[in-house]
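Examination of the molecular architecture
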Amino acid sequence: MNYRMEIAYDGTRYNGWQKLGDSPDTIQEKIERVLSSLAGESVDVHGAGRTDAGVHAAGQVAQFRMPDHLDGTLSAPMIRAYLNRYLPDDIGILSVSKAAPRFHSRYHAKGKIYTYRMTRDLSRHVFDRRYITRLDPEVILDTVSMRAAAAQLVGTHDFKSFCGNTHFKKSTVRTIFSIDLKEDGPDLTITYYGEGFLQYMVRIMTGTLLEIGLGERDADCIPSVLNAKNRRAAGKTAPPEGLTLTKVLY
């Protein structure tokens with residue numbers, strides 16, 4: 001039986017979503033271990049996206065298959081309750097439901113939404129400090145130039161310059177549907193909506209936009225960065241703690 005689940009997690013102490021050999025410090029490995037214990041045999045979990053080390057998720061989607069002989073014995077609510085009982089407190093299963101036999105969380109995803117949060121007020125955000133990147137409180141950001149640059153990233157482009165994996169062999173062409181910058185006093189949130197993203201792509205775009213906001217780059221540099229198809233042409237990689245996978249769309 002094929003199942004779909006929605007997951008939230010605090011990625012602070014994990015090496016990202018994807019399991020790395022026998023490493024116990026990934027979200028995927030933690031969930032697979034609990035599901036395998038429930039099923040009495042190995043269960044593979046496939047996520048919609050591979051969040052980096054230290055990156056969080058509010059709406060990650062994953063798919064897994066339970067042995068056929070358990071159909072009728074275990075309900076979706078029972079699976080969810082078991083997972084939430086035995087998973088660490090920083091991983092939560094929001095929902096579990098039966099899925100179509102051919103449903104695949106990654107290949108059937110139509111888009112993903114990521115949010116990146118920053119603040120220049122170091123006296124605030126006591127309780128969500130793990131989920132926001134703190135900037136120098138004296139920093140003045142030119143958000144007009146940042147929005148102008150972000151608009152040039154929207155559309156279908158080769159984002160090789162924004163890929164953290166310089167040895168990536170597959171296509172680096174991706175489509176971004178929108179990039180929205182929202183200011184709230186000293187706080188800035190950038191929301192990215194795209195069909196899919198490369199490794200570190202959102203964080204590199206954020207780092208590049210920050211450099212533009214700080215006046216270290218011109219707002220019209222984006223076309224030349226894209227055309228370079230070279231990671232060194234783009235800006236720094238922004239820290240992971242401000243990034244959250246908000247939603248996966250199907």
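Residues numbered from 1 in each chain as written. Predicted model: local features only at pLDDT ≥ 70, side-chain atom pairs only at ≥ 80, totals over all residues. Heavy atoms only, no water.

**Quick look at the overall build of the protein chain**
- When its secondary structure is counted, the protein chain shows 5 helices and 10 strands.
- Over its C-alpha atoms the protein chain spans a radius of gyration of 19 Å, differing by no more than 12% from the 18 Å that the globule rule assigns to 250 residues.
- Once the C-alpha set of the protein chain is aligned to its principal axes, its extents read approximately 60 × 40 × 30 Å.
- Counting over 250 residues, the protein chain shows a buried share of 50%.
- Counting contacts in the protein chain only where the partners sit at least 6 residues apart, residues at least 24 apart contribute 70% of the total.
- Total accessible area on the protein chain is roughly 12,500 Å²; 49% of this is exposed by carbon and sulfur atoms.
- Side chains of the protein chain carry 33 positive and 29 negative charges; the gap between the two charge centres is 5 Å. (Helix = DSSP H or I, 4+ residues; strand = E, 2+ residues; numbered from the N terminus. Rg over C-alpha atoms; globule rule 2.2 N^0.38 Å. Buried < 20%, exposed > 50% of the residue type's maximum accessible area, 1.4 Å probe, protein only. Contact = heavy atoms within 4.5 Å. Areas by Shrake-Rupley, 256 points an atom, 1.4 Å probe, with all protein chains shown as cover. Lys, Arg positive; Asp, Glu negative; His and termini not counted. Charge placed at Lys NZ, Arg CZ, Asp CG, Glu CD.)

**Thoughts on the packing of helix H1 (residues 27-39) against helix H2 (residues 76-86)**
- H2 packs onto H1 with a crossing angle of 125 degrees between their chain directions and a minimal axis gap of 10 Å. Taken together, the axes of H1 and H2 lie oblique to each other. The two elements H1 and H2 cross, and the hand of that crossing is right-handed. On the side of H1, the interface is formed by Ile31, Val34, Leu35, Ser37 and Leu38, while H2 contributes Ile79, Tyr82, Leu83 and Tyr86.
- Of the residues assigned to the contact of H1 with H2, the class counts are 8 nonpolar, 1 polar and no charged. (Axes fitted to C-alpha atoms, helices over the stretch in contact; angles between N-to-C directions. Parallel < 35°, antiparallel > 145°, perpendicular 65-115°, else oblique. Left-handed = near helix turned anticlockwise from the far one by under 90°. Nonpolar A, V, L, I, M, F, W, Y, C, P; charged D, E, K, R; others polar.)

**Digging into the packing of aromatic side chains**
- Evaluation of the coordinates by the stated rule reveals 7 aromatic pairs.
- Each ring, one from Tyr114 and one from Phe197, has its centre 5.4 Å from the other, and the planes form 85 degrees; the classification is edge-to-face. Of this pair, Tyr114 sits in strand E5 (residues 111-119) while Phe197 sits in the loop between strand E9 (187-194) and helix H4 (201-213), and the two are 83 residues apart along the sequence.
- Assessed through its relative accessible area of 8%, Tyr114 is described here as buried.
- The class for Phe197 is buried, based on a relative accessible area of 17%.
- Taken together, a centroid distance of 6.1 Å and an interplanar angle of 65 degrees make the contact between Phe159 and Phe162 edge-to-face.
- For Phe162, a relative accessible area of 0% corresponds to the buried category. (Phe/Tyr/Trp six-rings, centres within 6.5 Å; stacked < 30°, edge-to-face > 60°.)

**Focus on the side chain of Arg120**
- Topologically, Arg120 is positioned in the loop between E5 and strand E6 (133-134).
- Residue Arg120 is classed as buried on the basis of its relative accessible area of 13%.
- From its side chain, Arg120 meets the backbone oxygen of Gly185 in a polar contact 3.5 Å long.
- In this structure Arg120 touches Leu135, Asp136, Pro137, Val139, Ile140, Leu141, Glu183, Gly185 and Pro186, once residues within four positions along its chain are discounted. (Polar contact = N/O pair within 3.5 Å; in protein donor to acceptor, adjacent residues only side chain to side chain.)

Take it as geometry only, folks, not as evidence of what the structure does.
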